[in-house]
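Observations on the three-dimensional arrangement
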2 protein chains.
Amino acid sequence: MRAISHPIREQLSLVGVLHALSDPVRLEIVRSLADEAELSCGKLAVAVSKSTLSHHLKVLRDAGLTQTRAVGVHRFVSLRAGDIEARFPGLLDCVLEHSAST
Amino acid sequence: MRAISHPIREQLSLVGVLHALSDPVRLEIVRSLADEAELSCGKLAVAVSKSTLSHHLKVLRDAGLTQTRAVGVHRFVSLRAGDIEARFPGLLDCVLEHSAST
DNA sequence: ATCATAGTTCGACACACGTCGAACTTCCGG
DNA sequence: CCGGAAGTTCGACGTGTGTCGAACTATGAT
């Protein structure tokens, strides 16, 4: 079983988080995840190929914005809302609020 | 006299703004500008060459975060705080607040 | 008209990034 | 044990990015 590593809360950097959110595809993924507790990869409705989606999910995970857990062949992704809020209070909510109107 | 073009407020995009802020040098520039009404290029204390600074200032200007006015040979740069706040309320303050503790 | 200054632009370099198809790995049902 | 599915990784491609020195442009002082 493949272990999925995540950065710990203290490793989240502002620049890293802003960079991860500065791509339209990743911002769309984060918005989808904000509306659900978690989603499987297949349920994420983004218009890119599977390998591109994997790439973007890796960027989000490495930035510390999301966490991934495996169940059989499925990968479930969720926002690390608690960690992000603890680390940068208000930032994610602010970004999500403004992304809705873009 | 060289006219310095800026995007209008409506042209500011969330992704563009986040991208502009997702670089450590530009974030440092924005932080410096947040503390002063405006600064000349030479007063911006960032550890990069003049051409790199020009590059970053262009990125910030193109993203709509800053405005530049020329006075003789000097260029004075300031945050478009009003436009940013109107366009994405709370976002810049939030980012600046968190960048201070990085 | 010349010179110094501030800042920009050019062009080059090395690396980063987003994209994808093919191949791969892991899991589970039959 | 085999095949299908989910998702990852590899490698390639084209473009983007941050860096800088050299050359350039505009301004103002002389």
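Presented here is an overview of the structure given in this document. Because the structure is a prediction, the values reported are computed rather than measured.

Looking at the protein's contact with DNA strand C
Around DNA strand C, a shell composed of 24 residues is seen, among which A:Thr52, A:His56, A:Gly72, B:Lys50 and B:Ser54 lie nearest. Sugar plus phosphate, as a fraction of atoms of DNA strand C within 4 Å of the protein: 70%. At 3.3 Å from a phosphate oxygen of DNA strand C is found a side-chain nitrogen or oxygen belonging to A:His19. Taking B:Val73, its main chain carries an N or O atom lying 3.5 Å from a sugar or linking oxygen of DNA strand C. Looking at the surface near DNA strand C, the elements with two or more residues in it are α2 (24–35) and α3 (50–63) of chain A together with α3 (50–62) and β3 (74–79) of chain B. Per-element tally for the surface near DNA strand C: the top contributor is α3(A), with four residues. Across the surface near DNA strand C, the residue classes tally to six nonpolar, 12 polar and six charged.

Quick notes on the pairing of strand β3 (residues 74–79) of chain A
Residue and element names in this part refer to chain A. As defined by bridge partners, strand β1 (residues 39–40) adjoins β3 across two bridges and the pair is classed as antiparallel. Looking at β3, one finds that Leu39 is bridged to Val77. Here strand β2 (residues 66–71) runs beside β3; their pairing, made up of six bridges, is antiparallel. The partner of Val71 across the bridge, within β3, is His74.

Focus: the sheet that holds strand β2 (residues 66–71) of chain B
One key point about sheets: their strands pair by backbone hydrogen bonds, in either a parallel or an antiparallel sense. All names here are of chain B. Spatially, the three strands line up as an open sheet ordered β1-β3-β2, and their pairing is antiparallel. Among the strands making up the open sheet, the edge pair consists of β1 (39–40) and β2. Here helix α2 (residues 24–35) sits on the sheet in contact with β1, β2 and β3, set at roughly 85° to β3.

A short note on the interface of chain A and chain B
Opposite the 18 residues of chain A that make contact, chain B presents 18 residues. Between chain A and chain B, a total of about 1500 Å² is buried, with carbon and sulfur atoms accounting for 79% of that surface. Between chain A and chain B we count zero salt bridges in total. Here chain A is connected to chain B by two residue pairs in polar contact (both at pLDDT 80 or more).

Some points on the relation of the copies chain A and chain B
The operation relating the two chain copies consists of a rotation about an axis and a shift along that axis. Once turned by 180° and shifted 0.0 Å along the axis, chain A lies on chain B with an RMSD of 0.0 Å. The operation mapping one copy onto its partner corresponds to a two-fold rotation axis. Of the residues that chain A buries at the interface, 100% are likewise interface residues in chain B, meaning the two copies contact each other through the same surface.

Some details on the packing of helix α5 (residues 91–100) of chain A against helix α5 (residues 91–100) of chain B
Contact geometry of α5(A) with α5(B) gives a least axis separation of 10 Å together with a crossing angle of 155°. Relative to α5(B), α5(A) is oriented roughly antiparallel. As for how α5(A) packs across α5(B), the hand of that crossing is left-handed. Of α5(B), the residues touching α5(A) (which contributes A:Leu91, A:Cys94, A:Val95 and A:His98) are B:Leu91, B:Cys94, B:Val95 and B:His98. Partitioning the contact of α5(A) with α5(B) into residue classes produces six nonpolar, two polar and no charged.

Regarding the side chain of A:Asp23
Tracing the backbone shows A:Asp23 in the loop between α1 (14–21) and α2. A:Arg26 provides the closest opposite charge to the buried, salt-bridge-free A:Asp23, at an N-O distance of 4.3 Å. Those residues in contact with A:Asp23, other than ones at most four positions away along the chain, are A:His56 and B:Val15.

Definitions and cut-offs
- Residue positions are counted from 1 within each chain, in the order its sequence is given.
- Here every chain gets a letter starting at A, and every ligand a number starting at 1, in the order they are written.
- Totals for whole chains, interfaces and linings use all residues, but because this is a predicted model, local features are given only for residues with pLDDT of at least 70 and pairs of side-chain atoms are given and counted only at 80 or more.
- Think of the side-chain values as coming from all heavy atoms in the structure, minus any hydrogens and water.
- By convention in these notes, a residue is near a molecule or strand provided one of its non-hydrogen atoms lies within 4 Å of it.
- Pairing of N or O atoms within 3.5 Å defines a polar contact, subject to two protein rules: one partner must be a possible hydrogen donor and the other a possible acceptor, and residues neighboring in sequence count only if both atoms are side-chain atoms.
- Helical segments are the DSSP runs of H or I of at least four residues, strand segments are the runs of E of at least two, and each set is numbered from the N terminus.
- Under the scheme applied, nonpolar residues are Ala, Val, Leu, Ile, Met, Phe, Trp, Tyr, Cys and Pro; charged residues are Asp, Glu, Lys and Arg; polar residues are all the others, including Gly.
- Any two strands with at least two DSSP-identified bridges between them are counted as paired.
- Whether two residues are in contact is decided by their heavy atoms, any of which lying within 4.5 Å being enough.
- Note on definitions: angles span 0 to 180 degrees between N-to-C directions of axes, and those axes are lines fitted to C-alpha atoms, for helices only across the stretch in contact.
- Two parts placed together each lose some accessible area under a 1.4 Å probe, and the buried area is that loss summed for both.
- The term salt bridge refers to a side-chain nitrogen of Lys or Arg lying within 4 Å of a carboxyl oxygen of Asp or Glu.
- Only residues with pLDDT of at least 70 in both copies contribute their C-alpha atoms to the least-squares superposition of the copies.
- By definition in this entry, angles of less than 35 degrees are roughly parallel, angles greater than 145 are roughly antiparallel, angles of 65 to 115 are roughly perpendicular, and the rest are oblique.
- Note: crossing handedness is left-handed where the near helix turns anticlockwise from the far helix by less than a right angle, and right-handed where it turns clockwise.
- Here's how the labels work: a residue is buried when its accessible area is under 20% of the maximum for its type, exposed when over 50%, partly exposed in between, all with a 1.4 Å probe on protein chains only.
- Charged-residue counts in this description rest on Lys and Arg as positive and Asp and Glu as negative, His and the chain ends being excluded.

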